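Residue-level listing of the chains:
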Amino acid sequence: MAWLKEQLPAQLTAIQAFADTTATHLERVKQPVFIAQGDADQMIDPRSGQWLADAYPSEQIDFHEYAGAGHVLTVNAAHHALETDILAFLQTIFKNNEE
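Quick summary incoming for the structure in this document. (Residues numbered from 1 in each chain as written. Predicted model: local features only at pLDDT ≥ 70, side-chain atom pairs only at ≥ 80, totals over all residues. Heavy atoms only, no water.)

Turning next to a nonpolar patch on the surface. There is a patch of nonpolar side chains on the surface, built from Leu8, Leu12, Ile15, Met43 and Ile44 and spanning about 430 Å² of accessible area. For Met43, the position within the fold is in the loop between β1 (33–38) and α2 (48–55). (Patch = residues over 30% accessible without salt bridge, like charges linked within 9 Å, V, L, I, M, F, W, Y side chains within 5 Å. Areas by Shrake-Rupley, 256 points an atom, 1.4 Å probe, with all protein chains shown as cover. Salt bridge = Lys/Arg side-chain N within 4 Å of Asp/Glu carboxyl O. Helix = DSSP H or I, 4+ residues; strand = E, 2+ residues; numbered from the N terminus.)

Below, the structure written as structure tokens:
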């Protein structure tokens, strides 16, 4: 645990730096994007998903916010809704690619 506590600040700084770099190059992404955010996230600002969706230059954004969900959406109360939403997103993408 001591090692994790020691490494955590550097890891969070690296994640933020990656997010900042990514945010400055959103116009380069041309594919549809799925954004999921728990509104009870304690790791990152729960408003960040909406900020990203609003800043994204593409109209191909599929944004989902999950009430009461924390950071790891795949294992909390939102996981079933997340699975359903991702499946619908993928079905839409593959349907559009077949046309």
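It is worth spelling out the environment of Gly68 at this point. For Gly68, the position within the fold is in the loop between β2 (61–66) and α3 (79–98). On the basis of relative accessibility, which here comes to 59%, the residue Gly68 falls in the exposed class. Counting along the chain gives 27 residues from Gly68 to Asp41, while the straight-line C-alpha distance between them is 8.4 Å. Each residue touching Gly68, except ones within four places of it in the same chain, is listed here: Asp39 and Ala40. (Buried < 20%, exposed > 50% of the residue type's maximum accessible area, 1.4 Å probe, protein only. Contact = heavy atoms within 4.5 Å.)

Once that is clear, we can look at helix α1 (residues 2–23). Over its 22 residues, α1 runs 32 Å from end to end, which matches the ideal 32 Å to within 8%, given 1.5 Å per residue. At Leu8, α1 shows its largest kink, close to 35°, and the proline Pro9 lies no more than four residues downstream. (Expected span 1.5 Å × (residues − 1). Bend = angle between axes of the 7 residues up to and from the residue.)

Looking at the element boundaries, His64 is found in strand β2. Overall, His64 belongs to the buried group, its relative accessible area being 18%. A polar side-chain atom of His64 sits 3.2 Å from a polar atom in the side chain of Asp85. Those residues in contact with His64 that sit more than four places away from it in its chain are Phe34, Ile35, Ala36, Gln37 and Asp85. (Polar contact = N/O pair within 3.5 Å; in protein donor to acceptor, adjacent residues only side chain to side chain.)

What follows covers the pairing of β1. The side chains of a regular strand alternate between the sheet's two faces. Pairing of β1 with β2, which is carried by 6 bridges, proceeds in the parallel orientation. Its bridge partner lying in β2, Ile35 is registered against Phe63. In this fold, the crossover linking β1 to β2 by way of α2 has right-handed handedness. (Pairing = 2+ DSSP bridges. Right-handed = clockwise from strand over helix to strand, strands pointing away.)

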